[in-house]
Amino acid sequence: MIASVQPSQQAGLHEETLASRSPVVNDFSIMVATKNGSGSQTANTTLLRALFKMGIPVSGKNLFPSNIQGMPTWYTIRANKNGFVARRPHAEIVVTLNPATALEDYQSVQSGGFFMYADDIKLPLSRSDISHYPIPVKKLATENEKEPKLRTYVANMVYVGALAQLLGIDLADIESALLFHFKGKRKPVESNMKVVRLAHEWAAENLIKTDPFRVERMNATEGLIMIDGNTAGALGAIYGGVTFAAWYPITPATGLADALNHFLPQLRTDPQTGAPTYAVVQAEDELAALGMVVGAGWVGARAMTSTSGPGISLMTEFTGLAYFAEVPAVIWDVQRVGPSTGMPTRVSQGDVLKVYFLGHGDTKHPCYIPGNVKECFEFGWRAFDLAERLQTPVFVLSDLDLGMNQWMSEPFDYPDQPMDRGKVLSAEDLKRLGGFARYRDVDGDGIGYRTLPGTDHPLAAYFARGTGHNERAQLSERPEDWENNMVRLARKFETARRLMPKPIAEYVEGAEVGIISYGSADPAVQEARAMLAEAGLKTSYLRLRALPLEQTTTEFIAAHRRCYVVELNSDAQMLQLLRLHAPEYATRLHAANHSDGLPLTAEWISTAVQAGEGSANRA
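Cut-offs used in this document
Residues numbered from 1 in each chain as written. Predicted model: local features only at pLDDT ≥ 70, side-chain atom pairs only at ≥ 80, totals over all residues. Heavy atoms only, no water. Buried < 20%, exposed > 50% of the residue type's maximum accessible area, 1.4 Å probe, protein only. Helix = DSSP H or I, 4+ residues; strand = E, 2+ residues; numbered from the N terminus. Pairing = 2+ DSSP bridges. Salt bridge = Lys/Arg side-chain N within 4 Å of Asp/Glu carboxyl O. 1 Å grid on protein atoms, 1.4 Å probe; cavity = no way out; pocket = protein on both sides within 12 Å on 5 of 7 lines; lining within 4 Å. Points joined across faces, edges and corners; volume = space filled by probe spheres on them. Nonpolar A, V, L, I, M, F, W, Y, C, P; charged D, E, K, R; others polar. Right-handed = clockwise from strand over helix to strand, strands pointing away.

### Some remarks on the pairing of strand β2 (residues 27-35)
Burial within β2 is extensive, with seven of its nine residues counted as buried. Across nine bridges, β2 lies against strand β4 (residues 72-80) in antiparallel orientation. Across the sheet, the residue bridging to Ala-33 is Trp-74, located in β4. As defined by bridge partners, β2 adjoins strand β5 (residues 91-96) across four bridges and the pair is classed as parallel. Residue Ile-30 lies in a different strand from β5, and its bridge partner there is Ile-93.

What follows is the structure, given as structure tokens:
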């Protein structure tokens, strides 16, 4: 029997009661602190999905260590009735099962919030500005699970049940979330729900609620799905016709290849024989992975790879080969913190310059930049069309926050156009034309015509070379051949500029200040703009979705007195590209970049913009 916790034992308890405090409904952040490998991910995503099923806008972010099992890990859940889902700098609700971080976690609770902790963790609970809820985690887990190996895992469901009781989360939604997680398998669902119900009952009998936070059912998530960007990107690639993928494991991109391996057997097999119509190969390293992709693209496969910063470095040589030999390939870069190995499990947008100019000599690549999981899906299939239309490597610049974390989204749209295989000549075409010159610009768009290996015509063959060549793909080091080829490639890049998705621009009447951003920074920017508007500062907003940049971006900069470029890196990389793109407006562009490994917060952006405006006004 577990002894009741009397009010006098809840250290630092407010003298004020719940009745005297205004309720805070559907507007808070939860941070859960556990150990890596303890099975807490199941509990955390269960909480996240239960709130989502109650119709409350939410997002979840996993902050996990890059080294070994047993190290500290934190998971944050943002619930906001207005739909703001960016990371908050502080959490009102903190749950800790990890003694190693308990003091730090305790000190991090926002004033007015509450601290839930395993009752065997000994702390000097001296704060009077928060509520305290000790829970007997080990006791409840031991009563429910007799097998010692499983107790650690089910122990996490104790805080799920206790939080459900304190906040008012419907247990039916908890169970529904578990059914989703365990793919309908009743046995693990019942095992976990047993602990949830036990903890729920214990909390109802033993904890006196003194905090103002609670949830109420909404309908703000009706018709939405919840998914991570890596899975969305993999699904987009499948619907885009991927037939070959080669990869090497690396955080945070592994999940994209895992999703390919999960969904391809379901979606891309021969309906008569059941045989796969695709191949996924784990290579010995990233260099080999892209080499396979370039080879597959040359023979006509829709081929791709996924990696992160260190892998991109190894792919430099083959990327340059594909660029100059003009071979289609799709490369996903799910960005993480560098330099070097950096912080593999933290987010950054630090590969922008490297990827855009990746290669030896004068090289530039088209890059898609998704800002949400729906765009991860869309750009996942569009990237193949563009790669084959342009006959070049195409990058998709995602990042860890977008790729690995769970996001709400509208359902994805089926591709709205047939596959674009680009300028591919058949044997009949060659017979009619009497031959072709592989690198000749016939149409004025910089793109030559190509054939695929196996085309049954004596004039179909050509040599795809990375060395100097003329328009007939013959080895040449003549200055005029080299210069003509580079001029044509520059013309092809201008064609890419016209084919890439335009930025999304939102102009606000009377706004003299613009914000430019991209990728996973978007949710924080959206919320920051609401904060700035409340403070009396109107802002327009341009969200970039691709490189190279084009006229829409120039027009936006020209329309505003100052533009703040918000990004997650230390060198203001996109700002540099914007100044190269629109040098006549370089003085209107100002840095609002930050990189500490964590997703940007609206509070940081709002403060940075207001500080910039204050400095400008003083000047």
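The rest of the description comes next.
### Some details on the pattern of salt bridges
What the rule picks out here adds up to 37 salt bridges. Residues Arg-78 and Glu-527 are paired through a salt bridge, measuring 2.9 Å at the closest nitrogen-oxygen approach. Taken together, the residues Arg-78 in strand β4 and Glu-527 in helix α17 (residues 522-534) connect sequence positions 449 residues apart. Overall, the relative accessible area of 4% leaves Arg-78 in the buried class. Overall, Glu-527 belongs to the buried group, its relative accessible area being 7%. Here Glu-494 makes a salt bridge to Arg-497, at a shortest N to O gap of 2.8 Å. Of this pair, Glu-494 and Arg-497 both sit in helix α16 (residues 479-499), three residues apart, roughly one helical turn.

### Thoughts on the layout of surface pockets
Empty space left among the atoms is revealed by rolling a probe the size of a water molecule over them. Approximately 980 Å³ is the volume found for the largest pocket. Taken together, 31 residues form the lining of the largest pocket, with Arg-49, Asp-228, Thr-231, Met-404 and Gln-406 sitting closest to its centre. Elements represented by at least two residues in the lining of the largest pocket include exactly α1 (40-53), β3 (58-63), α5 (171-181), β9 (225-228), α7 (229-239), α8 (254-267) and α14 (400-404). A per-element tally of the lining of the largest pocket places α8 first, with six residues. What the second largest pocket holds in volume is close to 680 Å³. Lining the second largest pocket we find 28 residues, and of these Asn-372, Lys-374, Met-408, Ser-409 and Glu-410 sit closest to its centre. Among the elements of the structure, α13 (373-390), β17 (406-409) and α17 are those that each provide at least two residues to the lining of the second largest pocket. Per element, the largest residue contribution to the lining of the second largest pocket is seven residues, and it comes from α13. Residue classes in the lining of the second largest pocket are distributed as 14 nonpolar, six polar and eight charged.

### Focus: the pairing of β5
Summarising burial for β5: six of the six residues are buried, a large majority. Note that β5 and strand β6 (residues 109-118) share five bridges and pair parallel. Residue pairing in the sheet places Ile-93 in a bridge with Phe-114 of β6. Once the chain exits β5 it traverses helix α2 (residues 102-108) before rejoining the sheet at β6, and the crossover so formed is right-handed.

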